[in-house]
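# Examination of the molecular architecture
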Amino acid sequence: MSRKKKKSRISVRTAWILFVAYMVVGMVVAILFLGPSETQTSTATNPQDAAMSPWALFPLVALLWPIFLVIMIVRQLS
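A quick note: this is a predicted structure, and the numbers were derived from the prediction, not measured. (Residues numbered from 1 in each chain as written. Predicted model: local features only at pLDDT ≥ 70, side-chain atom pairs only at ≥ 80, totals over all residues. Heavy atoms only, no water.)

## Some remarks on the nonpolar core
In terms of nonpolar packing, the biggest core is built from 8 residues, these being Val29, Ala30, Phe33, Leu34, Val61, Trp65, Phe68 and Met72. At the level of secondary structure, the elements contributing two or more residues to this core comprise α1 (12–34) and α4 (65–77). At 4 residues, the largest contribution of residues to this core is made by α1. If near-sequence neighbours (up to four positions away) are discounted, Leu34 is found in contact with Pro54, Trp55, Leu57 and Phe58. (Core = buried A, V, L, I, M, F, W, Y, C linked by side-chain atoms within 4.5 Å. Buried < 20%, exposed > 50% of the residue type's maximum accessible area, 1.4 Å probe, protein only. Helix = DSSP H or I, 4+ residues; strand = E, 2+ residues; numbered from the N terminus. Contact = heavy atoms within 4.5 Å.)

Quick look at the structure:
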């Protein structure tokens with residue numbers, strides 16, 4: 001007897017679309033979260049200054065955007 005192949009619940013295409021949407025929303029939240037924290041408009045000439053910039057956290061915020069979205073909401077409510 002041959003066994004039937006189990007159909008996956010989420011197709012590969014749907015998984016990619018969800019991943020891309022998650023990353024796009026994460027980038028938008030990161031821009032909104034890190035935007036107001038810009039205190040100086042001068043460019044960083046020293047590599048240490050660039051590392052201390054809040055924008056160095058952009059990848060972290062983009063990946064963990066639900067946490068930072070909650071932080072933004074709590075800031076607005078208080």
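Still more to cover.
## Regarding α4
With 13 residues, α4 extends 18 Å from end C-alpha to end C-alpha; this agrees with the ideal 18 Å at 1.5 Å per step. Where the residues of α4 are buried, they touch α1 and α3 (58–63). (Expected span 1.5 Å × (residues − 1).)

## Describing α1
End to end, α1 covers 33 Å across 23 residues, agreeing with the expected 33 Å (1.5 Å per residue, within 8%). Within α1, burial applies to Met23, Gly26, Val29, Ala30, Phe33 and Leu34. In the core, the buried residues of α1 are packed alongside α3 and α4.

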